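# Observations on the three-dimensional arrangement
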Amino acid sequence: MSWETVIGLEVHVQLLTRTKMFCGCPNRFGAEPNTLVCPVCLGLPGALPVPNAHAIRLAARAALALGCTVHGRSVFARKNYFYPDLPKGYQISQFDRPLATGGHVDLDSPERGRISVGITRLHVEEDAGKSIHDRIPGRTAIDLNRAGTPLAEIVSEPELRSPAEARAYLTVLKQILLYTGVSDCNMEEGSLRVDANISIRPEGATALGTKTEVKNMNSFGNVERALEAERQRQIALVEAGGRIEQVTMLFNAGSGEVRPMRSKEESHDYRYFPDPDLPPLVLTPQWIVEQQTALPELPDAKRDRLQREYGLPVYDAKVLCSERPLADYFEAVVRAGAEPKAAANWIMGEALAGYNETAVFAVEPARLAALIELVKEGTVSHQAAKRVYPELAGNGDSPKAVAERLGLIQVADTDALGRWVDEVLTAHPSEVARFKAGEAKLMGFFVGQVMRKSQGKADPKGVQPVLQERLSK
Amino acid sequence: MKIGSEQVRHVARLAELAVSDDEFPRLVEQMGRIVEYVAQLDELPAGPERSAFLAGPESVRLREDEVRPTPLARTPAQMAPEFVDGLFVVPRLGAMEEA
Amino acid sequence: MSAVAHIARAVNAGRTSALSAAHEAARLLRKADADGLNATLHWSEDLLRGEAARVDAHVGAGHAMLPLAGVPVAIKDNIVTTEQPTTCGSRILEGYVSPFNATAIERLRAAGAMVAAKSNLDEFAMGSSTEHSAFGRVRNPIDHERVPGGSSGGSAALVAAGVVPAALGSETGGSVRQPASFCGVVGVKPSYGRVSRFGLVAFGSSLDCISVFGERVDDAARVLAAISGHDPHDATTADRPPLELDGPRRDLRGLIFGLPKEYFPADLDPGVRAGVERTIGAIRDLGGSVKDVTLPHSKYAVPTYYIIAPAEAAANLARYDGVRYGVRRVGPEGDVRALYRATRGQGFGAEVRRRILIGTYVLSSGYYEAYYGKAQQVRAAIARDFQLAFTAQGADFLLTPTTPTPAFRAGEKTDDPVAMYLADIFVCAVSLAGLPAMSLPVGRSAGLPVGAQIIAPMFEEARMLGVASALEAVVPAAGEVR
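Residues numbered from 1 in each chain as written. Chains lettered and ligands numbered in written order. Predicted model: local features only at pLDDT ≥ 70, side-chain atom pairs only at ≥ 80, totals over all residues. Heavy atoms only, no water.

## With respect to the overall build of chain A
- Helix and strand counts for chain A stand at 16 helices and 16 strands.
- The globule rule puts the C-alpha radius of gyration for 473 residues at 23 Å, and the 31 Å found for chain A is more than 25% above it.
- Taken over the C-alpha atoms alone, chain A extends approximately 95 × 55 × 50 Å along its principal axes.
- Out of the 473 residues in chain A, the part that is buried amounts to 55%.
- Sequence-distant contacts in chain A: of pairs separated by 6 or more residues, those separated by 24 or more amount to 69%. (Helix = DSSP H or I, 4+ residues; strand = E, 2+ residues; numbered from the N terminus. Rg over C-alpha atoms; globule rule 2.2 N^0.38 Å. Buried < 20%, exposed > 50% of the residue type's maximum accessible area, 1.4 Å probe, protein only. Contact = heavy atoms within 4.5 Å.)

## With respect to the overall build of chain C
- Helix and strand content of chain C: 15 helices and 11 strands.
- Along the first, second and third principal axes, the C-alpha atoms of chain C reach 70 × 60 × 45 Å.
- Across the 482 residues of chain C, 67% fall into the buried class.
- Partitioning the intrachain contacts of chain C with sequence separation of at least 6 by distance along the chain shows that 75% fall at a separation of at least 24.
- As presented, chain C carries roughly 14,000 Å² of accessible surface, and 51% of it is formed by carbon and sulfur atoms.
- Averaging the coordinates of the 49 positive side-chain charges in chain C and doing the same for the 49 negative ones gives two points 1 Å apart. (Areas by Shrake-Rupley, 256 points an atom, 1.4 Å probe, with all protein chains shown as cover. Lys, Arg positive; Asp, Glu negative; His and termini not counted. Charge placed at Lys NZ, Arg CZ, Asp CG, Glu CD.)

## A short note on the sheet that holds strand S15 (residues 273-274) of chain A
- The strand order across the open sheet formed by 3 strands is S5-S4-S15 (chain A), and the pairing between neighbours is antiparallel. Pairing within the sheet leaves two strands with one partner each, and these edge strands are strand S5 (90-94) and S15 of chain A. (Pairing = 2+ DSSP bridges.)

## Concerning the interface of chain C and chain B
- At the junction of the two partners, chain C supplies 71 residues and chain B supplies 58 residues.
- At the boundary of chain C with chain B, the tally comes to 6 salt bridges.
- Salt-bridge contacts for arginine 328 of chain C lead to glutamate 82 of chain B; the nearest nitrogen and oxygen are separated by 2.9 Å.
- Where chain C packs against chain B, one counts 24 residue pairs in polar contact (both at pLDDT 80 or more).
- Here the side of chain C that touches chain B gets 10 residues from one element, more than from any other, and that element is helix H12 (residues 369-390) of chain C.
- Its residues assigned to classes, the side of chain C that touches chain B comprises 37 nonpolar, 17 polar and 17 charged. (Salt bridge = Lys/Arg side-chain N within 4 Å of Asp/Glu carboxyl O. Polar contact = N/O pair within 3.5 Å; in protein donor to acceptor, adjacent residues only side chain to side chain. Nonpolar A, V, L, I, M, F, W, Y, C, P; charged D, E, K, R; others polar.)

## Side note on unusual backbone geometry
- Here glycine 150 of chain C and serine 151 of chain C are connected by a cis peptide whose omega angle stands at 5 degrees.
- Among the structural elements, serine 151 of chain C can be located in the loop between strand S3 (114-119) and helix H5 (153-160).
- With phi around 65 degrees, alanine 359 of chain A is a residue other than glycine that occupies positive phi space.
- Within the secondary structure, alanine 359 of chain A is located in the loop between helix H9 (340-358) and helix H10 (365-377).
- Take alanine 359 of chain A: its relative accessible area is 56%, and that puts it in the exposed class.
- Its identity is not glycine, yet glutamate 16 of chain B carries a phi of approximately 50 degrees, on the positive side.
- Structurally, glutamate 16 of chain B can be placed in the loop between helix H1 (5-14) and helix H2 (23-38).

## Some remarks on the side chain of serine 2 of chain C
All names here are of chain C.
- Note that serine 2 resides in the segment before helix H1 (3-13).
- By relative accessible area, serine 2 is classed as buried at 4%.
- Within the local environment of serine 2, its side chain forms a polar contact with the side chain of aspartate 219, the two groups lying 3.5 Å apart.
- When neighbours within four sequence positions are excluded, serine 2 is seen to be in contact with Arg216, Asp218, Asp219 and Arg222.

## What to know about the sheet that holds strand S4 (residues 166-171) of chain C
All names here are of chain C.
- An order of S1-S3-S2-S4-S6-S5-S10-S11-S9-S7-S8 is seen for the 11 strands of this open sheet, with the pairing classed as mixed. With one partner strand each, in any of the chains shown, strand S1 (40-42) and strand S8 (289-293) form the two edges of the open sheet. Here the strands of the sheet are splayed against their neighbours by 35 degrees on average, with no regard to which way each runs.
- Relative to S3, S1 runs antiparallel, the two sharing 2 bridges. Looking at the pairing, threonine 40 lines up with serine 119 of S3.
- Sitting on the sheet, helix H4 (residues 103-110) touches strand S2 (72-76), S3, S4 and strand S6 (209-214), and the angle it makes with S2 is about 180 degrees. (Axes fitted to C-alpha atoms, helices over the stretch in contact; angles between N-to-C directions.)

## What to know about the interface of chain C and chain A
- With 40 residues of chain C at the contact, the number on the chain A side is 33 residues.
- Here chain C meets chain A over a buried area of about 2,700 Å², counting both sides, of which 62% is carbon and sulfur.
- Joining chain C to chain A, the criterion identifies 1 salt bridge.
- For arginine 197 of chain C, the salt bridge is made with aspartate 277 of chain A, and the minimal N-O distance between the two is 2.8 Å.
- Counting across the interface, chain C meets chain A through 10 residue pairs in polar contact (both at pLDDT 80 or more).
- Every element with two or more residues in the side of chain C that touches chain A is listed here: helix H9 (301-316), helix H10 (336-347) and helix H11 (350-363) of chain C.
- Across the side of chain C that touches chain A, the residue classes tally to 22 nonpolar, 9 polar and 9 charged. (Buried area = accessible area lost by both parts, 1.4 Å probe.)

## Looking at the nonpolar core
- Ranked by size, the top nonpolar core spans 272 residues in total, and within it Leu122 and Tyr169 of chain A together with Phe124, Leu168 and Phe386 of chain C carry the most contacts.
- For this core, the leading source of residues is H9 of chain C, giving 11 residues.
- Counting 38 residues, the second-largest nonpolar core is a separate cluster that includes Tyr310, Leu374, Val380 and Ala385 of chain A. (Core = buried A, V, L, I, M, F, W, Y, C linked by side-chain atoms within 4.5 Å.)

## Focus on the side chain of serine 298 of chain C
Residue and element names in this part refer to chain C.
- Inspection of the secondary structure puts serine 298 in the loop between S8 and H9.
- For serine 298, a relative accessible area of 14% corresponds to the buried category.
- Within polar-contact distance, the side chain of serine 298 engages the backbone oxygen of leucine 295 at 2.6 Å.
- Discounting chain neighbours no more than four positions away, the residues touching serine 298 are Glu262, Tyr263 and Asp385.

## Thoughts on the pairing of strand S10 (residues 437-445) of chain C
All names here are of chain C.
- With 8 of 9 residues buried, S10 lies mostly within the body of the structure.
- Bridge count for strand S5 (residues 186-189) against S10 is 3 bridges, and the pairing is antiparallel. Its bridge partner being in S10, valine 188 is matched across the sheet by methionine 438.
- One ladder, built from 8 bridges, connects S10 with strand S11 (residues 448-455); its direction is antiparallel. The residue bridging serine 439 from the neighbouring strand is glutamine 453, located in S11.

## Re the domain arrangement of chain A
All names here are of chain A.
- Its domain assignment divides chain A into domain 1 (8-195 + 267-289), domain 2 (299-405) and domain 3 (414-471).
- Each of domain 1 and domain 2 was reduced to a C-alpha centroid, and the two centroids are 37 Å apart.
- Contacts between the two partners involve 6 residues from domain 1 and, on the opposite side, 10 residues from domain 2.
- Taken together, the two surfaces of domain 1 and domain 2 that pack against each other cover about 640 Å², and 46% of this comes from carbon and sulfur.
- Of all residues in domain 1, Arg114, Gln175 and Tyr179 give up the largest surface area on contact with domain 2, accounting jointly for 78% of the area buried on that side.
- Along the contact surface separating domain 1 from domain 2 lie 2 salt bridges. (Domains from an automatic or database assignment.)

Structural data, given as structure tokens:
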């Protein structure tokens, strides 16, 4: 039996606002517990929510970047359930009138080529606090600093067909969200969280199988692993004659396994109803257009443009566009005078390694461009330039000054070159004779010898003509 | 529409309210009375969803994203029934276990 | 001159001090306690002195005049204050002291008023008799065997007993107008969104209004003006500045009062009927007129209310879980769920538990459309009825009885929840529509107070209060109606 896998993903991202969704408490990670709290996010008697304009703005931008329709009228709803880190006993979210619906994420599926995965909806809601289970034995400790943080929930259509595709979707989704600056999408810090729904069905069937929910995955790699494990489990179960139950599975990163949640919970009845403390969210068409206009150039469009405008190959464009600061840096270096392909090579090589570690570019665009220019004019060799580059960090010296300091300036002066050539030819009379007798490939030997004699300083492009000239005498 | 004791038990679970065995029959009877009373609304035809009532302003006023928390005259530590190392503390999750 | 105006004028002029007003209030509070009214839950002479000191310092420094300088105001104990507990009449909040003050409290203080006491109420404002307080029932000062009405019974009793000239209460389905009628005082419910709910412990969020009791119309009006106006902390407040009162009104020339026929059933209590008829006579004497109008969906008001209010309450009371504040109890299983169920099961009284269960039921899967969804549609129809009465049917205001009977005896209606709900039959629809309305004492029936209700169009409190003060001048509140 051939099985098709059906996967849908729910992603929650924390929005980059100064304050929480419904109160003026700071929206900050890492503070002392229960210090970023107030009557509203503590759920004290008499407290009332007031929505954060910037959170709405960021959520709308995220929705537009994902090709969604942002609705002029959406409604906040209460999602009712009891849990120790949910102060009010309900979460303010959105239910049947969400902020946005109907978008898509385009990505390269590892199995199916270019695909477009639908986005069912994007809505805003507040985060719950944090429950800490292993701090005090037999008890749960709660920190409400996170309670009330603004979230955007992004729900995909169940159009992903493999765990690898799910991972690819997440990578592209994160890229788009980072481009728009709505979230820092950091799974380690919890600013991006993923829950997955997965089911299987016989290849060719149209009806959906029973799905399970998979939670507790803390990296995109683990999402893929968890879904692969759950997929195998479902297939094995069904092939052995069993039936899939609609349960929630938790992923264990250590073992790589999924197991059902211990509690035999009846599925939640959230009893959604419009929150009477919050009138409808009304957004004018004009305002929505303003958010669309404020969107930066998105990854796909930037990639296409980089290829067109700078003649870059697809691979280079992809790498440079993987993060917006990279692409911006590239364009700045080109604007400062560097030739695009050379700039791309340098950035994908030297600059990227440093950026991946420190999240900053060690060398400003103007100086990288200047370094690239030095190589182009032949003032330093490419090898030498690679030695100059690390020396440019942490100071303001011009690349030329650094090259000079390191003694790496290439010598192109024909007199100097002539002297070295003469020395080499004098030292290797038999090779000279053999060359003159017809062994043309000895030219490479002579060039190499001149480079050694000059300790790498000779400009290789200038050496060959001088050798030619001397050897033809 | 009538309400039976299973439904009352189910709703008490959803609302996290313990109901003692002695109170239970009386409660079912009273809830039945109330549900029967409010079911008078069945006499009226259902209308379109957009005809629901809206109290208050037509659209919500949003707040600027400025740090301005309402000051607390009393800290969480002073209000909490159990508070250790800056954290609210409750018994183990048990039946409520989640990720 | 009303008591509020009198005190404020004297204190502003330096003829008397807020401190002496505080001493007098303390004396009266002690007497009320001794009389067994059980109308207060917390008050202390020290706190009163503290309030007074602030006012006297302001006056002494020669700052601007304060509209409520030195006026002692009782506060229903579901409005949070930092100086003393807020229990909402419930064991689950016994000893809870709020770390912030309600906006209404801040505005009262800014106007120079003094918080005199926190007054007793039906638990979480759920009730119509103040018999459902965890801390004992309140006695009607006119007749101790009878209820003062509810849920704001404590505040009503304190004004009726002359302890304070004004008090704050709250309305969700008539909880100020109804006790005002039972106790023979003025009770004013503003338009929904006129007064900030920030700091009012939520019961039915789309219905709740902080409302005001006064000895006389002017007392209530001045206090209402002081606490009203847009509040950035409450997204449901209207975008309007504080209420500006009209000048006193001498006549009602040209004004039409609609009499909704649904509010005058054949079996209406004769004393209540007589009180309203006397008021109609006064309207005519003052140059106004009356006409019949109809509010066809009236009979659905109470059932609609008892779907919407409990549903919102069930969600609003979910926060009382013993985790972060208040009282905590743990059940035998010893886990978090046992904590919730024991804390809530034991901390909430029977009426509150019933309402939470009904509210949870009407929102639950499979029942939402039939109950909550339907109720919101019927509510819109009820609101439209009023709108038509004020437009197509040509009424400037509506006049009705406030309650179907005068105050009933304690214990009379506690056996059957629905019987208690029917006490709200004339006040409920107004709450659903969000309109401003008030109860004016219009006489006595065998010694028991009778109230007439005036209902105004949305945001027309000022005109309504003007009309009421004109009627107050000519309708003797303490006289027998027959």
